[in-house]
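The residues making up each chain are set out below.
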Amino acid sequence: MLVLTTQRLNLSPHDPARDAAGLAPILGDEEVMRHIGAGAMSTEAIADYLQRHADMWLNTGMGGWTLRRSEDDAVLGNIFLKPVRDLPEIEVGYTLGRQHWGQGYAREALTEVVRHGRGRGIDRIIALVRPANIRSIRLLLRCGFAFEFFTAERIGIRLGDHLAGVALSPRNLVLLPDYGRAAVSAPATAAPMPRRGG
């Protein structure tokens, strides 16, 4: 298990006993969790989630980190890097408390975790995002990710809770969500959001 640091953050592998209280208000927030999994999590679900990620570190060498602000150790959210259950992929995902949105913390953590993955020789990392989660999609695009495939079209089955999921990757081969046709985009940092029917 590995602690990562950025200019403003410490990323520590999930410790259920230490992290549950700090993450409960975030993972239990309906607005924060609106586009994630089954929505806001109960106390029991949070404990199970943290334990599964802690176990995952032991079994796969990947898992979740709790995001803490360096200056005061405040819990801001969490981020993970892990194998996808129904696809031969490695996924990054993140959650941030509402009061910390718009301050660059998610981008800072995402950039560091992708850098860490690359350093481990993982040359392909995806993010699974629901099309309605525009805030997260925009962040991923700013970080160099690009639309790659619509999960339901790619595998033809429900992928966990991501029936309406979008996979994004630092690549330029694109299957636009809801449109069902392949395209090659410009680099993600310069690519506009797709228009319906365009």
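In the block above lies the structure referred to throughout.
We now turn to the structure provided with this report. Along every chain, residues carry numbers that run from 1 in the direction the sequence is written. Predicted model: local features are reported for residues with pLDDT of at least 70 only, side-chain atom pairs are reported and counted for 80 or more only, and whole-chain, interface and lining totals are derived from all residues. Side-chain figures throughout are based on the complete set of non-hydrogen atoms in the structure, without hydrogens or water.

### Describing the pattern of salt bridges
Step number 1: Salt bridges are defined as contacts in which a side-chain nitrogen from Lys or Arg sits within 4 Å of a carboxyl oxygen from Asp or Glu. A full pass over the atoms with the stated rule returns 11 salt bridges.
Step number 2: Note that R18 and D73 form a salt bridge whose closest N and O atoms lie 3.4 Å from each other. Residue R18 is located in helix α1 (residues 16-27), and its partner D73 is located in the loop between β3 (63-69) and β4 (75-83); the two are separated by 55 residues in the primary sequence.
Step number 3: To sort residues, take the accessible area from a 1.4 Å probe on protein chains only and compare it with the maximum for the residue type: under 20% means buried, over 50% means exposed, and anything in between is partly exposed. Look at R18 and you get partly exposed, because its relative accessible area is 46%.
Step number 4: A single salt-bridge network, built from bridges that share partners, covers R18, D19, R68 and D73. A run of H or I in DSSP becomes a helix once it reaches four residues, and a run of E becomes a strand once it reaches two; helices and strands are each numbered from the N terminus.

### A short note on the nonpolar core
Step number 1: What is meant by a nonpolar core is a set of buried Ala, Val, Leu, Ile, Met, Phe, Trp, Tyr and Cys residues, joined one to another through side-chain atoms within 4.5 Å. By size, the foremost hydrophobic cluster in this structure holds 30 residues, and its most contacted members are L11, W65, I79, L81, V92, L110 and V113.
Step number 2: Of all elements in the fold, only β2 (9-13), β3, β4, β5 (90-96), α3 (105-119), β6 (127-129) and α4 (134-142) reach the threshold of two or more residues within this core.
Step number 3: Counting residues per element, this core draws most heavily on α3, at six residues.
Step number 4: We call two residues contacting when some pair of their heavy atoms lies within 4.5 Å. Excluding residues that lie within four positions of it along the chain, L81 makes contacts with M62, G63, W65, I90, E91, V92, V113, H116, G117, I122 and I125.
Step number 5: In terms of nonpolar packing, the next biggest core, distinct from the first, is built from 11 residues, V32, M41, Y49 and F80 among them.

### Quick notes on the pairing of β5
Step number 1: Taking burial as the measure, the seven residues of β5 include seven buried ones, the bulk of the element.
Step number 2: Alternating positions in β5 separate into two faces, I90, V92, Y94 and L96 on one and E91, G93 and T95 on the other, with burial throughout.
Step number 3: Alignment of β4 against β5, held across seven bridges, turns out to be antiparallel. In the sheet register, K82 faces β5, and the bridge partner there is E91. Strands pair, by our definition, only if DSSP identifies at least two bridges between them.

### Section: the packing of α3 against α4
Step number 1: Angles shown run from 0 to 180 degrees and are taken between the N-to-C directions of axes, each axis being a line fitted to C-alpha atoms and, for helices, limited to the stretch in contact. Close contact between α3 and α4 brings their axes to 10 Å; oriented N to C, the two are set at 50°. Between α3 and α4, the angle falls in the class oblique. Pair α3 / α4 crosses with right-handed handedness. Here α3 contributes A106, R107 and L110 to the contact with α4, which in turn contributes L139, L140 and R142.
Step number 2: By the convention adopted, Pro, Cys, Tyr, Trp, Phe, Met, Ile, Leu, Val and Ala count as nonpolar, Lys, Arg, Asp and Glu as charged, and the other residues, Gly among them, as polar. Here the contact of α3 with α4 is built from residues that sort into four nonpolar, no polar and two charged. An angle below 35 degrees is treated as roughly parallel, one above 145 as roughly antiparallel, one from 65 to 115 as roughly perpendicular, and anything else as oblique. Less than a right angle of anticlockwise turn of the near helix away from the far helix marks a crossing as left-handed, whereas a clockwise turn marks it as right-handed.

### Considering unusual backbone geometry
Step number 1: Here D73, not a glycine, exhibits a phi torsion of approximately 65°, which is positive.
Step number 2: By relative accessible area, which is 39% here, D73 ends up partly exposed.

### As for the side chain of T95
Step number 1: Checked against the element boundaries, T95 lands in strand β5.
Step number 2: Residue T95 is classed as buried on the basis of its relative accessible area, which comes to 8%.

### Description of the packing of aromatic side chains
Step number 1: Working definition: a ring pair exists when centres of Phe, Tyr or Trp rings (six-membered ring for Trp) sit within 6.5 Å. Plane angles under 30 degrees give stacked, over 60 give edge-to-face, the rest tilted. All told, the structure shown has one aromatic pair when counted by the stated rule.
Step number 2: On the numbers, 5.0 Å between centres and 80° between planes, the contact of W57 with W65 is edge-to-face.
Step number 3: Here W57 falls in the buried class, since its relative accessible area comes to 6%.
Step number 4: You can call W65 buried: its relative accessible area is 1%.
Step number 5: Lysine NZ or arginine CZ positioned within 6 Å of the ring centre and within 35 degrees of the ring normal marks a charge as sitting over the ring. We note K82 situated over the ring of F80; from NZ or CZ to the ring centre the distance is 4.5 Å.

### Some details on α1
Residue pairs spaced three or four apart in an α-helix point in one direction, given the helix's 3.6 residues per turn.
Step number 1: The span expected for a helix works out to 1.5 Å for each residue beyond the first. Helix length check: α1 (12 residues) gives 13 Å between terminal C-alpha atoms against 16 Å at 1.5 Å per residue, more than 12% under.
Step number 2: For α1, the set of buried residues is D19, L23, I26 and L27. Around the axis of α1, the buried residues are gathered within 65° of arc, so they sit on the same side. Facing away from the buried side of α1 by over 90 degrees, the exposed positions are A17, A21 and P25.
Step number 3: Each element contacted by the buried residues of α1 is listed here: β2, α2 (43-60), β3, β4 and β5. Arc definition: it is the arc formed by the directions from the helix axis to the C-beta atoms.

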